[in-house]
Amino acid sequence: MAEWLWVLQVVSGSYVGFFGLYFVSWIVAPRLMRRQYERVEDEKKQEWHQNSVSFVHSFLVTQGSLRGVVWRLMQVEVWDASHLSTVVVCGSSEEYIHNYAFWLFVSCGYFLYDMTLYHTFSKNGTFFKHLHHIIPSLAIFWFYYMDVSVPVVSAFNSNEISTPFLELMWFFRYTNHSALGMAATVMFVLSFVVSRVIGDTILLCLTPWVVWDTAICSTGDDIHPLPHRTHVIVTVHVLMVAYCLLQYVMMGQVTLYIIKFFTKRKETKEA
């Protein structure tokens, strides 16, 4: 019970914190970045503040998740499959909380904040955007409840490494730094492909092995009810496949954006 009270505190604290940051942005942005802010169309000013919070969230979660993953891999003494599995998957609850779960539930609070925004101030929520928040949240809570693969989910959370570049692309539209905007675009595409497409696909393929070893971890030996393992593997796979499909759809959207971007640029040059 105390453990879930901690989860509630992290999620609710994150939710309130990101909303507070959103409202602070309305006060600070027009003063600190006056010239750039005035270039933004009135109907898109709200998007400025929403993207500012998204940038902060993605930066915090990425560094937190990556530090946790790197810290965990540093525990590897012998790089063989069985030892690596034990180090990556097994660990005390305290280790999970301090190195993985905290940042996962910070993200859950952010997802809740963002979906609330869709129905209050921004009104720009779509079915796809809701799915993009709901599926990871379900995966995080389910994996944590089943005590499986928390480090792996944390690695998934490192997908946010591409988001700061996405938000910088948006902000650079309203500055005279076209070269920086192009650099942000290139970094976004590269980080998206590496982390969300290639990385998530590899993690998806490793899921059965990781979940199976987690079941062994929980008992200390290889004796664990097979139905339980099968049940966990199936549910985890459903969530991971759904999550990866979302990334593939997003990759399609990114590809279309790139095609339109360079087509428009070519037409501008020819004109």
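Here, every reference points to the structure presented above.
Computed from a predicted structure; not experimentally measured.

## Comments concerning the overall build of the protein chain
Consideration 1: For the protein chain, the count of helices and strands is 10 helices and zero strands.
Consideration 2: Secondary structure of the protein chain in N-to-C order comes out as α-α-α-α-α-α-α-α-α-α.
Consideration 3: Within the protein chain, the fraction of its 271 residues that count as buried is 44%.
Consideration 4: Considering only contacts within the protein chain whose residues lie at least 6 apart along the sequence, 76% involve residues at least 24 apart.
Consideration 5: When the accessible surface of the protein chain is totalled, it reaches about 14,700 Å², and 70% of it is carbon and sulfur.

## Here's the deal with the layout of surface pockets
Consideration 1: Roughly 1,200 Å³ of volume is contained in the largest pocket.
Consideration 2: Taken together, 43 residues line the largest pocket, and the ones lying closest to its centre are Lys129, His132, Leu166, Glu167 and Met250.
Consideration 3: Looking at the lining of the largest pocket, the elements with two or more residues in it are helix H3 (45–73), helix H5 (93–118), helix H6 (127–146), helix H7 (150–157), helix H8 (163–172), helix H9 (178–219) and helix H10 (226–270).
Consideration 4: For the lining of the largest pocket, the element with the highest residue contribution is H6, accounting for nine residues.

## Overview of the nonpolar core
Consideration 1: In terms of nonpolar packing, the biggest core is built from 21 residues, with Trp6, Phe105 and Tyr113 touching the most fellow members.
Consideration 2: Elements supplying a minimum of two residues to this core: helix H1 (2–32), H3, H5 and H6.
Consideration 3: At 10 residues, H5 tops the list of elements feeding residues into this core.
Consideration 4: Within the second largest apolar cluster, 12 residues are counted, among which are Ala139, Phe143, Cys244 and Leu246.

## Focus: the pattern of salt bridges
Consideration 1: One pass over the full model with this rule turns up three salt bridges.
Consideration 2: Glu38 is paired through a salt bridge with Arg34; the nearest N and O atoms lie 3.4 Å apart. Here Glu38 pairs with Arg34, and both are found in helix H2 (residues 34–39), just four residues apart, close to one helical turn. When sorted by exposure, Glu38 lands in the same class as Arg34, which is exposed.

Rules behind the numbers
- Residues numbered from 1 in each chain as written.
- Predicted model: local features only at pLDDT ≥ 70, side-chain atom pairs only at ≥ 80, totals over all residues.
- Heavy atoms only, no water.
- Helix = DSSP H or I, 4+ residues; strand = E, 2+ residues; numbered from the N terminus.
- Buried < 20%, exposed > 50% of the residue type's maximum accessible area, 1.4 Å probe, protein only.
- Contact = heavy atoms within 4.5 Å.
- Areas by Shrake-Rupley, 256 points an atom, 1.4 Å probe, with all protein chains shown as cover.
- 1 Å grid on protein atoms, 1.4 Å probe; cavity = no way out; pocket = protein on both sides within 12 Å on 5 of 7 lines; lining within 4 Å.
- Points joined across faces, edges and corners; volume = space filled by probe spheres on them.
- Core = buried A, V, L, I, M, F, W, Y, C linked by side-chain atoms within 4.5 Å.
- Salt bridge = Lys/Arg side-chain N within 4 Å of Asp/Glu carboxyl O.

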